[in-house]
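Residue strings, one per chain:
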Amino acid sequence: DTEVTQTPKHLVMGMTNKKSLKCEQHMGHRAMYWYKQKAKKPPELMFVYSYEKLSINESVPSRFSPECPNSSLLNLHLHALQPEDSALYLCASSHPMGLAGGSSGPDTQYFGPGTRLTVL
Amino acid sequence: SQQGEEDPQALSIQEGENATMNCSYKTSINNLQWYRQNSGRGLVHLILIRSNEREKHSGRLRVTLDTSKKSSSLLITASRAADTASYFCAKSASYGKLTFGQGTILTVHP
């Protein structure tokens, strides 16, 4: 199974709502990532989890709160978002850097299809 | 910016032609990867080239890396309409972090 799944596919929320994005993988990867992608722009890294611990936070506002409950799941909790937070949110997973595995290289990342978020 | 810069920003070709996309970067790398993204969807890994490699092939894809010029190129031979997508290079330099270039939008006309 080389699939990363994300739910929901689309989400529309008001600025006062609380919602969560979910990501799941069953490839045995111990590194998981959240990216934000605006239209016609490249993905921008938000968070990295390695062995279920937060290892990188790219100075993301606190209205985004990541959580890694176990090695297969990654959540992104959203609260009091702004309209400019509307974007495609991508989840990815990989073997942790430095751990050999897979024919594509140790840090090849496998992406989910994304959640299209609209903040009204 | 440490992001890779890609050119061209957009490329339009006919089926059967070759497509070449270029990527430049500013700092040292562990490896450089190429990804494809169909409109509004997730990214698909295409190929990874390590810093000590100069060329790599995968099917109709050929990637080159010139570390002295800090540049890489992706060649897609005998293009197909299904190759229409955005293509991103991504630099891997530090723990778990990929930095993506601005991307090239490729359109292959049937």
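Relevant structure appears above.
Described in the following lines is the structure provided in the data block.

The rules we used
Residues numbered from 1 in each chain as written. Chains lettered and ligands numbered in written order. Predicted model: local features only at pLDDT ≥ 70, side-chain atom pairs only at ≥ 80, totals over all residues. Heavy atoms only, no water. 1 Å grid on protein atoms, 1.4 Å probe; cavity = no way out; pocket = protein on both sides within 12 Å on 5 of 7 lines; lining within 4 Å. Points joined across faces, edges and corners; volume = space filled by probe spheres on them. Nonpolar A, V, L, I, M, F, W, Y, C, P; charged D, E, K, R; others polar. Phe/Tyr/Trp six-rings, centres within 6.5 Å; stacked < 30°, edge-to-face > 60°. Helix = DSSP H or I, 4+ residues; strand = E, 2+ residues; numbered from the N terminus. Buried < 20%, exposed > 50% of the residue type's maximum accessible area, 1.4 Å probe, protein only. Pairing = 2+ DSSP bridges. Axes fitted to C-alpha atoms, helices over the stretch in contact; angles between N-to-C directions. Contact = heavy atoms within 4.5 Å. Salt bridge = Lys/Arg side-chain N within 4 Å of Asp/Glu carboxyl O. Polar contact = N/O pair within 3.5 Å; in protein donor to acceptor, adjacent residues only side chain to side chain. Disulfide = S-S within 2.5 Å.

**Remarks on empty space enclosed by the protein**
Residues and elements named next belong to chain A. With the rule as written, the count across this model stands at one cavity of 30 Å³ or more. Lining the largest cavity are H29, R30, A31, M32, Y49, E52, C68 and S71. Its residues assigned to classes, the lining of the largest cavity shows four nonpolar, two polar and two charged.

**Section: the packing of aromatic side chains**
All names here are of chain A. Under the defined criterion, the tally for this structure stands at eight aromatic pairs over all chains. Ring centres of Y35 and F111 lie 5.3 Å apart, and the angle between their planes is 40 degrees; this geometry places the pair in the tilted category. With Y35 in strand 4 (residues 31-37) and F111 in strand 10 (residues 110-111), the pair connects residues that are 76 residues apart, well separated along the chain. F111 carries the same exposure label as Y35, and that label is buried.

**Remarks on the sheet that holds strand 3 (residues 19-24) of chain B**
Residue and element names in this part refer to chain B. In spatial order, the strands read 1-3-8-7-6; together these five strands make up an open sheet with antiparallel pairing. Two strands in the sheet have a free side with no partner beyond their single neighbour: strand 1 (5-7) and strand 6 (55-58). Strand-to-strand twist across the sheet, computed as the mean angle between neighbouring axes with direction ignored, equals 15 degrees. Pairing geometry for strand 6 and strand 7 (residues 61-66), over four bridges, is antiparallel. Looking across to strand 7, one finds that H57 is bridged to R62.

**Focus: the interface of chain A and chain B**
Listed per partner, the contact involves 26 residues of chain A and 22 residues of chain B. Here chain A is connected to chain B by one salt bridge. Between B:K97 and A:E58 there is a salt bridge, with its nearest N and O atoms 2.9 Å apart. Taken together, the connections running from chain A to chain B amount to four residue pairs in polar contact (both at pLDDT 80 or more). Mapped by element, the contributors of at least two residues to the side of chain A that touches chain B are strand 4, strand 5 (44-50), strand 6 (53-57) and strand 9 (87-94) of chain A. Residue composition of the side of chain A that touches chain B, by class: 14 nonpolar, eight polar and four charged.

**Things to note about the side chain of B:N31**
With respect to the helices and strands, B:N31 occurs in strand 4 (residues 31-37). A relative accessible area of 3% places B:N31 in the buried class. A polar contact of 3.2 Å, which involves the side chain of B:N31, links it to the side chain of B:Q33. Ignoring anything within four residues of it in the chain, the contact list for B:N31 reads A:D107, B:L48, B:I49, B:R50, B:S51, B:A90, B:K91 and B:S92.

**Concerning the state of the cysteines**
Residue and element names in this part refer to chain A. Inspection of every chain in the model, using the stated rule, returns two disulfides over all chains. There is a disulfide in this structure between C23 and C91, and the S-S distance comes to 1.8 Å. Here C23 and C91 share a disulfide; its torsion about the S-S bond, -70 degrees, makes the bridge left-handed. On the criterion of sequence distance, the pair formed by C23 in strand 3 (residues 18-25) and C91 in strand 9 is long-range, its members being 68 residues apart. For the residue pair C23 and C91, the accessibility class agrees, reading buried in each case.

**Regarding the sheet that holds strand 7 (residues 64-70) of chain A**
Residues and elements named next belong to chain A. With respect to topology, four strands assemble into an open sheet ordered 1-3-8-7, the strand pairing being antiparallel. Every other strand in the sheet has two partners, leaving strand 1 (4-7) and strand 7 as the edge strands with one partner each. Averaged over neighbouring strand pairs, the angle between their axes works out to 20 degrees when direction is ignored. Inspection of the sheet shows strand 3 paired to strand 8 (residues 73-79) by seven bridges, in the antiparallel sense. Within strand 8, the residue paired with L21 across the bridge is L76.

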